[in-house]
Amino acid sequence: MTSTAQRLAEIRGDAPPRRHNARTIAALTGNPGCARRAVLDSAGVDKPKLAERVGFPARFGQSRFAITRGNTFEAQVKADGGAELLRLVAERLGVDPGGPATWTDLGADDRSGQSDRSARSRAALAAAAPTGAGDPAALFDHPLLGLDIAGQRVHLEPDLVAARLAGRFHVVEVKSFPVIDGQADPGKVAAAAIQSAVYVLALRELLATEGHDPELVSSDVLLVCPRDFANQPVASLVDVRKQLLVLRRQLDRTARIDDLLADVPAGFTADPAADPADLRRSLLSVPARYAPECLAACELAYFCRHATRDETATLGRPVREALGGVATVAEALALAAGEHAGEPEQAEAAALLRAAARLRADALAGRPA
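Computed from a predicted model, the values in this text were never measured in an experiment.

(A) Looking closely at the overall build of the protein. A count of helices and strands for the protein gives 15 helices and 8 strands. Considered along the principal axes of its C-alpha atoms, the protein spans approximately 75 × 60 × 40 Å. Buried positions account for 45% of the 369 residues belonging to the protein. Roughly 18,800 Å² of accessible area belongs to the protein as shown, and the carbon and sulfur atoms make up 53% of that amount. For the protein, the separation between the mean place of its 44 positive charges and that of its 47 negative charges on side chains is 3 Å.

Written as structure tokens, this is what we have:
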């Protein structure tokens, strides 16, 4: 075990590591400046248990019923060697599948290790690169892809990859949220898009290392959801080019874990079995970058919000950017009241605060602006 791996194991404690997935990568790249989350995710810490242990349990996640419903819908869509799935995908792409597709279940042998399954996925997908118009379609169930995140290799598992349709590879994601009257929940679609972009990026990297053109992987991913209130599946094309640009930029900005660990105090622990008071002190010793958006993406968001409740950053990124250099709410109120002029670099923010205070006072007094 390397020194880095040993340090991460010490941070995590005796619990087995929790793997990165497309959701955690999407959340991590959405807030790349948060060292606390980067360290915890790299160590594979069980953040839901950790949040509960420090007294701020997470308030989001799928219910057991929703997970069961999702698994049932996915099994239905993939039944009979993906025949119905192939029809849906080909119809949405506007192509003739040219007969039944080959079906390869790359997740069937759970006894094989990740390295074996990753190698099998790599070989199968590389061999499926389109070579001509007559190539039969190929469907790959649960391939195992890889991506480097903060200096570590992370394994990722898309629902399905379709090859040789319209001469391209397409990532296919099966979701259980409904499409009602042709419309799905925009927030859920946006989350599915960034997660799918993670898979597209990993698949492009795989093909590039095997000597193929990475652009063989389409930026149009296929989202399969139940139609209306039935379990009848419907496929939609989602263009993830914008998400890919954001993802590449944010991953480039994400610090390597070795660099992050250099600033983590000795003795730092995130072991859920540790004393809650020690855990709270330990977590506060590594800087976070809380924003209200964290509430929908990070299990420790309520802890971080409580810890930064006196800081202007807690009010959101627009406030933090408008009040650059004004770190606390108390300082902002003092500048607004004119109790002190502030530092030279705070002059613009102070002027905005004083103007806002005057407008508020006029509004409360019933005076016209």
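(B) Inspection of the packing of helix 8 (residues 186-209) against helix 9 (residues 241-253) at higher detail. One can describe the packing of helix 8 onto helix 9 by two numbers: an axis separation of 9 Å at closest approach and a directional angle of 70°. One way to sum up the angle between helix 8 and helix 9 is to call them roughly perpendicular. Two secondary-structure elements touch here, helix 8 through Ala-193, Ile-194, Ala-197, Val-198, Val-200, Leu-201 and Arg-204 and helix 9 through Gln-243, Leu-244, Leu-247, Arg-248 and Leu-251. Its residues placed into classes, the contact of helix 8 with helix 9 shows 9 nonpolar, 1 polar and 2 charged.

(C) Quick peek at the pattern of salt bridges. Enumeration according to the criterion identifies 17 salt bridges in this entry. The partner of Arg-153 in a salt bridge is Glu-205, with the nearest N and O atoms 2.8 Å apart. With Arg-153 in strand 4 (residues 152-156) and Glu-205 in helix 8, this residue pair connects regions lying 52 residues apart in the sequence. On the basis of relative accessibility, which here comes to 39%, the residue Arg-153 falls in the partly exposed class. For Glu-205, a relative accessible area of 27% puts it in the partly exposed group. The salt bridge involving Arg-204 is made with Glu-215; its shortest N-O contact spans 3.7 Å. Of the two residues, Arg-204 is situated in helix 8 and Glu-215 in the loop between helix 8 and strand 7 (220-226); the sequence distance between them amounts to 11 residues. A network of salt bridges, in which partner residues are shared, links Arg-37, Asp-41, Lys-47 and Glu-299.

(D) Structural view of the sheet that holds strand 2 (residues 138-141). If you trace the 6 strands from one edge of the open sheet to the other, you get 1-2-5-6-7-8, paired in mixed fashion. Each edge of the open sheet is held by one strand with a lone partner, namely strand 1 (102-105) and strand 8 (233-239). The average angle at which neighbouring strand axes cross in this sheet is 25°, direction not considered. Looking at chain direction, strand 2 and strand 5 (residues 160-165) are connected through 4 bridges and run antiparallel. In the strand pairing of strand 5, Asp-141 is matched with Leu-160.

(E) View of unusual backbone geometry. At Asp-80, a position not held by glycine, the phi torsion is positive, near 60°. The backbone phi angle of Ala-166 is positive, close to 60°, even though this residue is not glycine. Along the chain, the position of Ala-166 falls in the loop between strand 5 and strand 6 (168-174).

(F) Molecular detail of helix 11 (residues 276-284). For helix 11, the full list of buried residues reads Leu-279, Ser-282 and Leu-283. For helix 11, the angular spread of buried residues about the axis comes to 95°, placing them on one side. Against the buried residues of helix 11 lie helix 3 (35-43), helix 4 (47-53) and helix 12 (301-307).

(G) Spotlight on helix 15 (residues 347-365). With 19 residues, helix 15 should cover 27 Å at 1.5 Å per step; its first-to-last C-alpha distance of 27 Å lies within 8% of that length. On the buried face of helix 15, the contacting elements are helix 13 (317-322) and helix 14 (329-336). Immediately beyond the C-terminal end of helix 15, within one or two residues, lies Gly-366, with a positive phi of roughly 80°.

How each quantity is defined
Residues numbered from 1 in each chain as written. Predicted model: local features only at pLDDT ≥ 70, side-chain atom pairs only at ≥ 80, totals over all residues. Heavy atoms only, no water. Helix = DSSP H or I, 4+ residues; strand = E, 2+ residues; numbered from the N terminus. Buried < 20%, exposed > 50% of the residue type's maximum accessible area, 1.4 Å probe, protein only. Areas by Shrake-Rupley, 256 points an atom, 1.4 Å probe, with all protein chains shown as cover. Lys, Arg positive; Asp, Glu negative; His and termini not counted. Charge placed at Lys NZ, Arg CZ, Asp CG, Glu CD. Axes fitted to C-alpha atoms, helices over the stretch in contact; angles between N-to-C directions. Parallel < 35°, antiparallel > 145°, perpendicular 65-115°, else oblique. Contact = heavy atoms within 4.5 Å. Nonpolar A, V, L, I, M, F, W, Y, C, P; charged D, E, K, R; others polar. Salt bridge = Lys/Arg side-chain N within 4 Å of Asp/Glu carboxyl O. Pairing = 2+ DSSP bridges. Arc of directions from axis to C-beta. Expected span 1.5 Å × (residues − 1).

Don't take any of this as a statement about function, it's just geometry.
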